[in-house]
Every structure is written in structure tokens, then in C-alpha cells.
Amino acid sequence: MKISPSVLSADFSKLDRELEKMWNSGAEWIHYDVMDGLFVPNITFGAPVIKCLKDKTKAVSDVHLMIEDPIKYIEDFANAGADYITFHIESKSDIKQTIQKIKDCGCKAGLTLRPKTDINKLLPYLEMIDLVLIMTVEPGFSGQSFMADQVEKIKIVRQKAKELNLDLIINVDGGINTENINIVSKAGADVVVSGSTVFKSEDPAKTIAELKKNAVV
């Protein structure tokens, strides 16, 4: 299990040191929640911030675009140093064209969906992408409680990936902590996004180690 701390829960006054601390504490990925104030109510940050932080950590840059028309900005985030770019199937951009744009820019492509969206709408694209992000909270706000009813989506995607013989990463985002990480791990998750659980921890290294330990199936 890989841990992807969410920048939303970091101290923005010292982001460079916060990311360095996460890497030194055992986090292999860093999760960037990009919100435009249209697709979701909140506004966070854009490509320039990610570009500034890219050299501050060796972690994989895991970029989640919660924006209305993501295809317009793929080049910006690719140039900023994104490794994975994930967008919503509910966005206005053409799904196949956006996936191809991400790949053309040298990044790995991910798809995600809101909790209320039927997982069957995403399954036809599995062979085109590298990652599926399962949201276990509503996108757009940090600090929400884990939605256990979304775990079934992880199982469905994992089973379908096996049937298609795909090397697909399943990333899970929303309310993950040391107590529920085993649930998503057993369902088939490879990466979990964790915000306040690690960034607000007095000992992030101990917390990340505990997350990984509890994730063992």
C-alpha cells in the first residue's frame, strides 16, 4: 500500500518543508486537489503551485482535477510536473480526448467519479487508463467522514481489471485513517489518499507506518 498525503491538509505557509517531511516519513506519493470553484464550490490552487513544489520532493505527483473543463489545462499540469493526472467523468471535457491528451503530454491518465455516479459509467474506459480514483467522500471539501458504501466500487473495478488482465492502480480518497484502511485494502486498493491523518499527526512517520501495517491483507 502506498500513502498519498493530500496537500489540502498541509500548512500552506511552509509547503516545501511539509512535502519534504512527508517524503522523509515514508509517503511515496503526494496528492494535489485542484478545484476551480465551478465543478466544485471551493477554489484551491493551480499548476504554478505544483510546479514550484515538484522539486521539493521525490514523491509521485498525484494530481486530481476537480475542474469543469479539464482538457484545457492538461498541458499546464503536465508541464508543472504531474506524474498522474486524474479527472472526473462528470466534467464537460470529452473523456476519450482528455485521456489521450494526458498521455500525449507524457503523463499517466486517471479517471474518477462522484460517490453518487454509477461505477458502470467508468468501466468502459478501463483499458485506456492507468488509474481509477474512488472517492469515499464528496469531492470539494476536506475533513469529511469515510463513506463505507463506496467500497463496493473498489471491488467492482478490481474484478473488472482482473478480467481484462490490466495493470491498473486503484487509488482511494476520502476519510481514510488507521482504522478503516484495511477495508479499502481488502477491497483492492493500491494507494490511499490521507490528509489530516498524516499532516496533522505529531509523528507522521509513525502514522504512515501504522497505515501501511494496517493495510496488510
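Look up: the structure comes first, before these words.
These figures come from a predicted structure and were not determined experimentally.

Rules used in this analysis
- Residues numbered from 1 in each chain as written.
- Predicted model: local features only at pLDDT ≥ 70, side-chain atom pairs only at ≥ 80, totals over all residues.
- Heavy atoms only, no water.
- Buried < 20%, exposed > 50% of the residue type's maximum accessible area, 1.4 Å probe, protein only.
- Helix = DSSP H or I, 4+ residues; strand = E, 2+ residues; numbered from the N terminus.
- Arc of directions from axis to C-beta.

### Description of helix α1 (residues 15-24)
Those residues of α1 that sit buried are Leu15, Glu18, Leu19 and Met22. Buried residues in α1, looked at end-on, bunch into an arc of 95°, giving them a common side. Facing away from the buried side of α1 by more than 90 degrees, the exposed set consists of Arg17 and Asn24. Where α1 terminates, the next one or two residues include Gly26, which has phi positive at roughly 110°.

### Let's talk about helix α2 (residues 47-54)
Given 3.6 residues per helical turn, the α-helix brings residues three or four places apart onto the same face. Of the positions making up α2, those classed as buried are Ala47, Ile50 and Leu53. Viewed along the axis of α2, the buried residues span an arc of 130°, placing them on a single side of the element. Of the exposed residues in α2, those oriented more than 90 degrees away from the buried face are Pro48, Lys51 and Cys52.

### Thoughts on the side chain of Ser93
Along the chain, Ser93 turns up in the loop between β4 (84-88) and α4 (95-104). Since its relative accessible area comes to 5%, Ser93 is described here as buried.

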